[in-house]
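# Overview (structure and organization)
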Amino acid sequence: MSRVPRLSAVVLAAALALLVGGPASAGEPTVSDPRVVAPFDFAAGQTPENIALEPDGSADLTFAYARQVARVTREGTTTVLATLPEVTDPQTPGFGAAIVTGIARAHDGTLYVNYATGTAENGIWRLAPGGGAPEQIVALPSDVLPNGLALDEECGTLYVADSARGLVWSVPLDTRTPSVWASGTALEPTAAIAFGANGIKVHNGAVWVSNTARSTLLRIPIGEGRVAGPIETRATGLTTIDDFGFTGHGDTVLAALVMESRLELVRPDGTHRTVLTAADGLDNPTSVAVRAKTVYVPSAAYFTPVKDPNLLLARISKNKL
């Protein structure tokens, strides 16, 4: 008699897993209890593009078309921290409009954001932890589309994913001089899709990059002297991958598939399965962050008929099947 409930639980869990793209393996993270904690105003340009987390669990978001950086508490209260200056005649590759894209947070609370304009304002801007006006600290060429942004605080370097030219730029914070750190076909856009290198993270001795055009997740080892090693393709078939986040110290990833309105769990061996969909509240998700047992997923609603930009939170835990 005692075996029947255990067998039923296994069968039920497997059936539920199949509904979202395949069964989870033992010990693999599972994502559950999704809930939208903050809706945003699409008409006002509140299209969340990227995310960084505060120690108290609040989320710092870039609102791309509003040119804003906002903080959202776990309860959904939204406060605008800064608005990037208006640009005359922006020439942003692929957009035309000036947009705020990637964001990274230093331990002292400094926020770094990418401002894509196609003008002299194109580059990396800094928001001091005590407030005040945003300050441009790095200028990038006007034909660069700075998208994802990652901070390696240990060596004081920012990494920028350039979606237009298909490059990774590195910027030492002491000199603030940008240089091309990694290049190659694996990072470039295609004739069909003009957005190549997109999301970016520093993790386990490497810079990881997503390529939207090629539906891939890449790993670039950081070699001696901080030079880029050979580009490794770690996963394929991630249609319209945007940014991503790691679930912990290992190499398991949660990736936002923006056009698909899906959150995909990508295993270290490159296989992957869907864990959240539009039915859970996703509306063109753009990025992912993970803190302890919580997953944060901003949706920008760029391409869907019903414009429902939002911040969704879900629970992440180890599957014990």
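Residue positions within a chain follow its written sequence, with the count starting from 1. With the structure being a predicted model, the display of local features is reserved for residues of pLDDT at least 70 and the display and counting of side-chain atom pairs for 80 or more, all residues being used for whole-chain, interface and lining totals. Side-chain measures here rest on the full set of heavy atoms in the structure, leaving out hydrogens and waters.

## Some remarks on the sheet that holds strand 20 (residues 262–266)
When DSSP finds at least two bridges between two strands, those strands are taken to pair. Only DSSP runs of H or I reaching four residues or more are called helices, and only runs of E reaching two or more are called strands; each is numbered from the N terminus. Strand order in the open sheet formed by four strands is 18-19-20-21, with antiparallel pairing between adjacent strands. Of all strands in the sheet, those bounded by a partner on one side alone are strand 18 (241–246) and strand 21 (272–276). Neighbour to neighbour, the strand axes of the sheet diverge by 30° on average, direction disregarded. With five bridges connecting them, strand 19 (residues 253–257) and strand 20 associate as antiparallel partners. The residue bridging Leu254 from the neighbouring strand is Leu265, located in strand 20. Note on method: axes are straight lines fitted to C-alpha atoms, helices fitted across the in-contact stretch only, with angles between N-to-C directions ranging 0 to 180 degrees.

## As for the sheet that holds strand 11 (residues 157–162)
In space, the four strands of this open sheet follow the order 10-11-12-13, with antiparallel pairing throughout. Lying at the two open borders of the sheet, with one neighbouring strand each, are strand 10 (146–152) and strand 13 (179–183). Neighbour-to-neighbour, the strand axes of the sheet open up by a mean angle of 25°, direction not taken into account. Sheet analysis places strand 11 next to strand 12 (residues 167–172), joined by six bridges and oriented antiparallel. The residue bridging Tyr159 from the neighbouring strand is Ser170, located in strand 12.

## Focus on the packing of aromatic side chains
Pairing of aromatic side chains requires ring centres within 6.5 Å, counting the rings of Phe and Tyr and the six-membered ring of Trp. Pairs whose planes differ by under 30 degrees are stacked, by over 60 edge-to-face, and all others tilted. Enumeration according to the criterion identifies nine aromatic pairs in this entry. Between Phe40 and Phe63 the ring centres are 5.0 Å apart and the planes differ by 65°, which places this aromatic pair in the edge-to-face class. In this pair, Phe40 sits in the loop between strand 1 (29–39) and strand 2 (48–53) while Phe63 sits in strand 3 (residues 59–63), placing the two residues 23 residues apart along the sequence. As far as burial versus exposure is concerned, Phe40 and Phe63 are alike and both buried. Ring centres of Tyr159 and Trp181 lie 5.1 Å apart, and the angle between their planes is 70°; on these two criteria the pair is classed as edge-to-face. Exposure classes here rest on a 1.4 Å probe applied to the protein chains alone. A residue is buried below 20% of its type maximum, exposed above 50%, and partly exposed in between.

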